[in-house]
Amino acid sequence: TATAAGVRRGVWSSASRLQSCMSAWVIDQYGTNEVLKFSEEITAPTASSPTEVMIRVHAASLNPLDVSMRGGYGAKLLKLRRDPMCVMANDSEFPLILGRDVSGVVVDCGSQVTHFVPGDEVWAAVPPWKQGSLAEFVTLTDYEVSHKPKSLSHTEAASIPYVANTALSALVNAGGLYRDGASNKRVLIIGGSGGVGTFSVQLLKAWGAHVTVTCSQNAEGLVRGLGADEVVDYTAGDATEQLKEMEKFDLILDGVGGETEQWAMGMLKPWSGAKYITLVTPLLLNTDSMGLLQGSMISSGVFYRWGFYAPDGPALDEVSKLVDAGKILPVVEAQFAFDQVPQAFQKLEEGHARGKTVVMVA
Ligand code: NDP
């Protein structure tokens, strides 16, 4: 069991809280896949503050951010977020553990944690400024954690939290959409076949929105199966010509960025509060060199906003209900064993994701 494994390694026991070692994939420097190292001597993160929850990781999943962070993306801002006052004795972020999704079992809770007890099956998205889930244990604050859907295995569950928190934050906080107000909305998802896209299609359909997706031709079956109403194949000539023929949209969620920004704003209904939300923001990159930038503006009667992942356990509680009701399915494209983490990164770097890449940790 999770607990027995923890005790065997001297990480955790019901009688005492030991800070000891665990297995994890870490990086000691930024770079390409060669910097990923497996170690059995990483200090296990304990529930040292009253609101913390220590989780035995059963499965993790990878996001494009993991590949970027492996290369040093956002290093300056994330370091500042970890240690805003620059008071930590060790001012190095290394050894750094990547992995932004976890599905696992609670092994220990701080004294003020009321929502979870050891033994609970939970899922969570790990904020980028915290040590990640490619490890035996991860410790999070209680508001970041949620009870995992009962109908999913850990492997399936690990495919959802980070993309779900991202999609919800982008659609609700930046986009102003909500469950009971989406039924008359027309939404375009640019890049519907990856992690965020396959989740967002299902969420928006569960909320009753009309969903159009752009993706490659060979992903059309996947996104239609998830509920997409209209699919535009961006590889078959100029997608914008097809989109221009359609009724304009109330919201565009862009997971591709780049040149899409130039045409997407023109696909929105003007002067109606319509919003273009891009997930491909320069925030972490620019903050490294230029300081914080503001990602919101209005132009030609439509809004332009940046969408971001935000930690939110209660939002995952809502997603859990939709999953257990069969309205949102996990889309796991590839599974890797814990000793194959470099191969999992390689898979992600090849691009063309069709859902998520999951790592089975235990
Ligand atoms: P994935 O890698 O899982 O998916 C990307 C998908 O886009 C792939 O299916 C790819 O398939 C497809 N694609 C590529 N080019 C195009 C195109 N021109 N038109 C339509 N589809 C295209 O990424 P995620 O879904 O996890 O994330 C999407 C983006 O959002 C990433 O850039 C990520 O970094 C960003 N992101 C930002 C967050 C934030 O907080 N701001 C949080 C999470 C994600 P194919 O190439 O075969 O078409």
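Structure shown above.
Turning our attention to the overall build of the chain. A tally of regular secondary structure across the chain gives 12 helices and 17 strands. Rg of the C-alpha trace for the chain: 20 Å, near the compact-globule value of 21 Å for 362 residues, within the 12% margin. Overall, the C-alpha framework of the chain stretches about 65 × 45 × 35 Å when taken along its three principal axes. Residues counted as buried form 56% of the 362 residues belonging to the chain. Contacts spanning at least 24 positions in sequence make up 70% of the contacts within the chain whose residues lie at least 6 apart. Total accessible area computed for the chain in this model is approximately 15500 Å², and 53% of it derives from carbon and sulfur atoms. If you average the places of the 29 positive and of the 39 negative side-chain charges in the chain, the two averages end up 4 Å apart.

With that out of the way, let us pick up the pattern of salt bridges. One pass over the structure, following the stated rule, counts 16 salt bridges. A salt bridge links Glu93 to Lys79; its shortest N-O distance comes to 3.6 Å. On the criterion of sequence distance, the pair formed by Glu93 in the loop between α3 (75-82) and β4 (96-97) and Lys79 in helix α3 is long-range, its members being 14 residues apart. Take Glu93: its relative accessible area is 13%, and that puts it in the buried class. A salt bridge links Glu318 to Lys321, with the shortest nitrogen-to-oxygen separation between them at 3.1 Å. Remark: Lys321 and Glu318 occur in helix α11 (residues 313-324); sequence separation between them is three residues, near one turn of the helix. Classification of Glu318 as partly exposed rests on a relative accessible area of 36%. Here the salt bridges share partners, and the residues they tie into one network are Arg179, Asp180, Glu318 and Lys321.

Let's shift gears to the pairing of strand β13 (residues 275-278). Residues Lys275 and Ile277 of β13 are buried on one face, and the alternating residues Tyr276 and Thr278, pointing to the opposite face, are buried as well. Alignment of strand β12 (residues 251-254) against β13, held across four bridges, turns out to be parallel. Across the sheet, the residue bridging to Leu253 is Ile277, located in β13. In this structure, β13 lies alongside strand β15 (residues 302-306), joined through four bridges in parallel fashion. Paired with Lys275 across the two strands is Phe303, which belongs to β15.

Further remarks concern the site of the ligand. Close to the ligand lie 21 residues; Ser193, Ser216, Tyr234, His352 and Ala353 are nearest. Measuring from an oxygen atom of the ligand, one finds a backbone N or O atom of Ala353 at 2.5 Å. Taking Arg354, its side chain carries an N or O atom lying 2.8 Å from an oxygen atom of the ligand. Here the ligand has 910 Å² of accessible area as a free molecule, and 79% of this is covered by the chains. Those elements that place two or more of their residues in the shell around the ligand are α5 (161-174) and α6 (195-206). Grouping the constituent residues of the shell around the ligand by class yields 10 nonpolar, 10 polar and one charged.

Moving on, we come to the sheet that holds β4. Reading across the sheet, the three strands line up as β2-β1-β4 and stay open at both edges, with antiparallel pairing between neighbours. Looking at strand neighbours, the two that pair on one side only are β2 (36-43) and β4, the edges of this open sheet. Bridge count between strand β1 (residues 21-27) and β2: six bridges; the pairing is antiparallel. In the strand pairing of β2, Val26 is matched with Lys37.

Helix length check: α11 (12 residues) gives 16 Å between terminal C-alpha atoms against 16 Å at 1.5 Å per residue, within 8%. If you check which residues of α11 are buried, you get Gly313, Ala315, Leu316, Val319, Ser320, Leu322 and Val323. Down the axis of α11, the smallest arc covering the buried residues is 165°, so these residues share one side. For α11, the elements touching its buried residues are β6 (121-125), β8 (145-147), α5 and α6. Taken from the residues just after α11, Gly326 is the one with a positive phi, measuring 80°.

About the cut-offs
- Residues numbered from 1 in each chain as written.
- Predicted model: local features only at pLDDT ≥ 70, side-chain atom pairs only at ≥ 80, totals over all residues.
- Heavy atoms only, no water.
- Helix = DSSP H or I, 4+ residues; strand = E, 2+ residues; numbered from the N terminus.
- Rg over C-alpha atoms; globule rule 2.2 N^0.38 Å.
- Buried < 20%, exposed > 50% of the residue type's maximum accessible area, 1.4 Å probe, protein only.
- Contact = heavy atoms within 4.5 Å.
- Areas by Shrake-Rupley, 256 points an atom, 1.4 Å probe, with all protein chains shown as cover.
- Lys, Arg positive; Asp, Glu negative; His and termini not counted.
- Charge placed at Lys NZ, Arg CZ, Asp CG, Glu CD.
- Salt bridge = Lys/Arg side-chain N within 4 Å of Asp/Glu carboxyl O.
- Pairing = 2+ DSSP bridges.
- Near = heavy atom within 4 Å.
- Polar contact = N/O pair within 3.5 Å; in protein donor to acceptor, adjacent residues only side chain to side chain.
- Nonpolar A, V, L, I, M, F, W, Y, C, P; charged D, E, K, R; others polar.
- Expected span 1.5 Å × (residues − 1).
- Arc of directions from axis to C-beta.

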